[in-house]
Amino acid sequence: MSLARLAALLADPTRAAFCTALLDGRAWTAGELARQAGVAPSTASEHLSRLIEGGLLAEERQGRHRYVRLAGPEVATLIEDLSAFTPPTGTPDGTPGRTPTGSPAPRSLRESTRLSAEARARTCYDHLAGRLGVTVGDAVLARGLVTEEDGPTLTAAGRAWLTDLGAELPPRAGRPGARPVVRTCLDWTERRNHLGGAFGALLCRTALDRGWVERIGSGRALRVTPDGERALRELLGVEPLPV
């Protein structure tokens, strides 16, 4: 796909809102995305078809139901990186009344609360983002588990740390054609890097599986649990995030 075509696909606020919603890593129906973006189902279907044809979304069918998800972690990284370069008060074309990701600006206290929660801690596809993700990334670097000297790399200390944690990277991680072990992802709310790649995904999955973080409702926002506060303090020296 040409750069111009890719830019055109993401230039529409509705399509941008769909891609942002799908950053939670889960599959959504067209109806759910239509309600999220505030558009008619027929409009949503048209936009989704373009995103699927463009290779940004993948379609899954189960019986009569049609689900879509981001085509892969590389697409999630692209969406998050682009979001970090947009002005905080509008879309890339300067359209007023929308968030940097193309979703409508908060129109109620409930929406504002959700956005605040996502800025504090959320998922970026399958890894930790927001203030939590950046803080964990800083701690991992400070402890020498990851180094950025020749690009983000998991160190021997980092691999030993994972072994002690009882967490295992996918066998093909880091091999040619496979997902990198570690990569940085520019966080659109913090404007600093958090950790992605197979290592970032493993940290997020471990935190969810062990109850260190839990989802708030059905969106991307996360809440650090009391067990999670203890684990982050003991494993990485991370103190509770400020409210």
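Since the structure is predicted, the reported quantities are computational estimates derived from the model, not experimental observations.

What about the overall build of the chain?
The number of helices and strands found in the chain is 10 helices and 11 strands. The buried share of the chain, reckoned over its 243 residues, is 45%. Taking contacts inside the chain between residues at least 6 apart in sequence as the whole, the part at least 24 apart equals 54%. Split by element, the accessible area of the chain, about 12,200 Å² in all, is 53% carbon and sulfur.

Description of the sheet that holds strand 1 (residues 28-29)
Within the open sheet, the three strands sit side by side as 1-3-2. Their pairing is antiparallel. With one partner strand each, in any of the chains shown, strand 1 and strand 2 (57-62) form the two edges of the open sheet. The pairing of strand 2 with strand 3 (residues 65-70) spans six bridges and is antiparallel. The residue bridging L57 from the neighbouring strand is L70, located in strand 3.

Concerning the nonpolar core
Soluble globular proteins: nonpolar side chains tend toward being buried together. Residues L132, L162, F199 and L236 are the most contacted members of the largest nonpolar core, which totals 33 residues. Counting only elements with at least two residues in this core, the list comes to helix 7 (130-142), helix 8 (156-165), helix 9 (197-209), strand 11 (222-224) and helix 10 (226-236). Those residues in contact with F199 that sit more than four places away from it in its chain are V140, V146, L154, W161, L162, L169, V181 and V182. The next biggest cluster of nonpolar side chains, apart from the first, holds 25 residues, and it includes L10, L22, W28 and L56.

Topic: the side chain of R66
Of note, R66 is situated in strand 3. Its relative accessible area of 18% is what places R66 among the buried residues. A distance of 2.7 Å separates a polar atom in the side chain of R66 from a polar atom in the side chain of E59. Sequence-distant contacts of R66, defined by excluding residues within four places in its chain, comprise W28, T29, A30, S45, L48, S49, I52, E59, E60 and R61.

Observations concerning the environment of C185
Along the chain, C185 falls in strand 8 (residues 183-186). In the structure, C185 is positioned 58 residues away from H127 in sequence and 9.8 Å away in space, judged by C-alpha atoms. Ignoring sequence-local partners within four residues, the contact set of C185 consists of E80, D81, C124, H127, R192, N193 and H194.

Overview of unusual backbone geometry
With a phi angle near 65°, Y125 is a residue other than glycine that sits in the positive phi range. Assignment of secondary structure puts Y125 in the loop between strand 4 (122-124) and strand 5 (127-129). Non-glycine residue R191 carries a positive phi angle of around 60°. With respect to the element layout, R191 can be found in the loop between strand 8 and strand 9 (193-196).

A look at the pairing of strand 3
Looking along a regular strand, one sees side chains alternate from face to face of the sheet. Pairing geometry for strand 1 and strand 3, over two bridges, is antiparallel. When the sheet's bridge partners are listed, W28 is paired in strand 3 with V68.

A closer look at helix 10
The periodicity of an α-helix, 3.6 residues per turn, causes residues three or four places apart in sequence to face the same way. Restricting attention to buried positions, one finds in helix 10 the residues G228, A231, L232 and L236. Seen end-on, helix 10 carries its buried residues on one side only, within an arc spanning 100°. Set apart from the buried face of helix 10 by more than 90 degrees, the exposed residues are P226 and E234. Residues of helix 10 that are buried make contact with helix 7, helix 8 and strand 11. G237 sits one or two positions beyond helix 10 and adopts a positive phi of about 70°.

Concerning helix 9
Over its 13 residues, helix 9 extends 18 Å from the first C-alpha to the last, a length consistent with the 18 Å expected when each residue adds 1.5 Å. The buried fraction of helix 9 is high, at 10 of 13 residues. Within helix 9, the full set of buried residues consists of G197, A198, F199, G200, A201, L202, L203, C204, T206 and A207. Downstream of helix 9 by a residue or two, G211 has a phi angle that is positive, lying close to 75°.

Some points on empty space enclosed by the protein
Enumeration according to the criterion identifies two cavities of 30 Å³ or more in this entry. Space inside the largest cavity adds up to approximately 130 Å³. As for the largest cavity, its lining consists of 14 residues, of which L203, A207, W212, L232 and L236 are closest to the centre. Every element with two or more residues in the lining of the largest cavity is listed here: helix 7, helix 8, helix 9 and helix 10. In terms of residues, the lining of the largest cavity owes the most to one element, helix 10, which gives four residues. When its residues are assigned to classes, the lining of the largest cavity shows 13 nonpolar, one polar and no charged. By volume, the second largest cavity is sized at about 50 Å³. The wall of the second largest cavity is formed by L128, G133, V136, G137, H194, L195, G200 and L203. Looking at the lining of the second largest cavity element by element, the count peaks at three residues for helix 7. Considering only residue class, the lining of the second largest cavity consists of four nonpolar, four polar and no charged.

Thresholds applied
- Throughout, residues of each chain are indexed from 1 in the direction in which the sequence is written.
- Note on the predicted model: pLDDT of at least 70 is required for a residue's local features to be given, and 80 or more for side-chain atom pairs to be given and counted; whole-chain, interface and lining totals, by contrast, use all residues.
- Excluded from the side-chain calculation are hydrogens and water; included are all heavy atoms of the structure.
- Only DSSP runs of H or I reaching four residues or more are called helices, and only runs of E reaching two or more are called strands; each is numbered from the N terminus.
- Each residue is placed in one exposure class: buried if its accessible area under a 1.4 Å probe, protein chains only, is under 20% of its type's maximum, exposed if it is over 50%, and partly exposed if it falls in between.
- Any two residues whose heavy atoms approach within 4.5 Å are treated as being in contact.
- Accessible surface is estimated by sampling points in the Shrake-Rupley manner with a 1.4 Å probe; for residues, cover comes only from the protein chains shown.
- We call two strands paired when DSSP finds no fewer than two bridges between them.
- Put simply, buried Ala, Val, Leu, Ile, Met, Phe, Trp, Tyr and Cys residues joined by side-chain atoms within 4.5 Å make one nonpolar core.
- Definition of a polar contact: a pair of N or O atoms within 3.5 Å, with one able to donate and the other able to accept a hydrogen when the atoms are protein atoms, and with sequence-neighbouring residues admitted only if both atoms are side-chain atoms.
- Directions drawn from the helix axis to the C-beta atoms are what define this arc.
- Helices are assigned an expected span. That span is 1.5 Å times one less than the residue count.
- Only protein atoms enter the 1 Å grid used here, on which a cavity is any set of points holding a 1.4 Å probe that cannot leave and a pocket is any open set flanked by protein within 12 Å on both sides along at least five of seven lines; residues with an atom within 4 Å of a point are listed as lining.
- Grid points are joined across faces, edges and corners, and a volume is the space filled by probe spheres set on the points.
- Under this grouping Gly is polar, as are all residues other than the nonpolar Ala, Val, Leu, Ile, Met, Phe, Trp, Tyr, Cys and Pro and the charged Asp, Glu, Lys and Arg.

Honestly, it's all geometry; don't read function into it.
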